[in-house]
Amino acid sequence: MNRPAPRLRLADYLSPSISALISVIVNYAGTFVLVFQAAHLAQLSAAQTASWVWSVSIGVGVTGAWLSYRYREPIITRGRRRGWPFWRRSCRLHRMPK
């Protein structure tokens, strides 16, 4: 005998929503610490640093939304951390012009 699926209540969305929020905060915090360190080493202005933060946010948001739509499951993308040491080193060697 087939039973109809029970209706979802508002409380059913609470746990997944909190988990997603914590995941996004942890992901952004780790990435932005590295972005701010690299911006500091490159001696960037506040406007240039804001541009970096904006571009990382848009990139992560667009790729996460596209991959979630494509694979029909929640996917969170993040900055590649393996390349950060090279990026930080090159920021020390090559200062950005003011």
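Before reading further, recall that the structure is shown in the block above.
Okay, so let's go over this structure. For clarity, every value in this text was computed on a predicted model and none was experimentally measured.

Scoring rules and cut-offs
- Residues numbered from 1 in each chain as written.
- Predicted model: local features only at pLDDT ≥ 70, side-chain atom pairs only at ≥ 80, totals over all residues.
- Heavy atoms only, no water.
- Helix = DSSP H or I, 4+ residues; strand = E, 2+ residues; numbered from the N terminus.
- Expected span 1.5 Å × (residues − 1).
- Buried < 20%, exposed > 50% of the residue type's maximum accessible area, 1.4 Å probe, protein only.
- Core = buried A, V, L, I, M, F, W, Y, C linked by side-chain atoms within 4.5 Å.
- Contact = heavy atoms within 4.5 Å.
- Axes fitted to C-alpha atoms, helices over the stretch in contact; angles between N-to-C directions.
- Parallel < 35°, antiparallel > 145°, perpendicular 65-115°, else oblique.
- Left-handed = near helix turned anticlockwise from the far one by under 90°.
- Phe/Tyr/Trp six-rings, centres within 6.5 Å; stacked < 30°, edge-to-face > 60°.
- Lys NZ or Arg CZ within 6 Å of the ring centre and 35° of its normal.
- Patch = residues over 30% accessible without salt bridge, like charges linked within 9 Å, V, L, I, M, F, W, Y side chains within 5 Å.
- Areas by Shrake-Rupley, 256 points an atom, 1.4 Å probe, with all protein chains shown as cover.
- Salt bridge = Lys/Arg side-chain N within 4 Å of Asp/Glu carboxyl O.

1. Let's talk about helix H1 (residues 14–41)
Taking 1.5 Å per residue as the helical rise, H1 with its 28 residues ought to reach 40 Å, and the 41 Å between its terminal C-alpha atoms agrees with that figure. All of the buried residues in H1 are Asn-27, Thr-31, Phe-32, Leu-34, Val-35, Ala-38, Ala-39 and Leu-41. Just past H1, the residue Gln-43 takes up positive phi, approximately 55 degrees.

2. Brief notes about unusual backbone geometry
Its identity is not glycine, yet Gln-43 carries a phi of approximately 55 degrees, on the positive side. Residue position: Gln-43 is located in the loop between H1 and helix H2 (46–71). Note on Gln-43: relative accessible area 41%, which makes it partly exposed. Even without a glycine there, the phi angle at Arg-72 is positive, about 55 degrees. Of note, Arg-72 is situated in the loop between H2 and helix H3 (84–93). Looking at Arg-72, the relative accessible area reads 61%, which means it is exposed.

3. Thoughts on the nonpolar core
Core analysis: the biggest nonpolar cluster contains 10 residues, these being Phe-32, Val-35, Ala-38, Ala-39, Ala-42, Leu-44, Trp-52, Val-53, Val-56 and Val-60. Counting only elements with at least two residues in this core, the list comes to H1 and H2. When sequence neighbours within four positions are dropped, the list of residues in contact with Ala-39 reads Leu-44, Thr-49 and Trp-52.

4. Notes on the packing of H1 against H2
Orientation of H1 relative to H2, taken along the N-to-C sense of each, is 150 degrees, at an axis distance of 10 Å. In terms of axis orientation, H1 runs roughly antiparallel to H2. The hand of the H1/H2 crossing is right-handed. Along the contact surface, H1 presents Asn-27, Tyr-28, Thr-31, Phe-32, Val-35, Phe-36, Ala-38 and Ala-39, while H2 presents Thr-49, Trp-52, Val-53, Val-56, Ser-57 and Val-60.

5. Topic: the packing of aromatic side chains
This structure, assessed with the given rule, holds 1 aromatic pair. The lysine or arginine in question, Arg-70, covers the ring of Tyr-71, its NZ or CZ lying 5.0 Å from the ring centre. Positioned over the ring face of Tyr-69 is Arg-72, at 4.6 Å from the centre of the ring.

6. Let's talk about a nonpolar patch on the surface
There is a patch of nonpolar side chains on the surface, built from Leu-14, Ile-18, Ile-22 and Val-26 and spanning about 380 Å² of accessible area. With relative accessibility at 42%, the residue Ile-18 sits in the partly exposed group.

7. Looking at the environment of Val-60
In this fold, Val-60 is placed in helix H2. Separated by 17 residues in the primary sequence, Val-60 and Thr-77 place their C-alpha atoms 5.6 Å from one another.

Take it as geometry only, folks, not as evidence of what the structure does.
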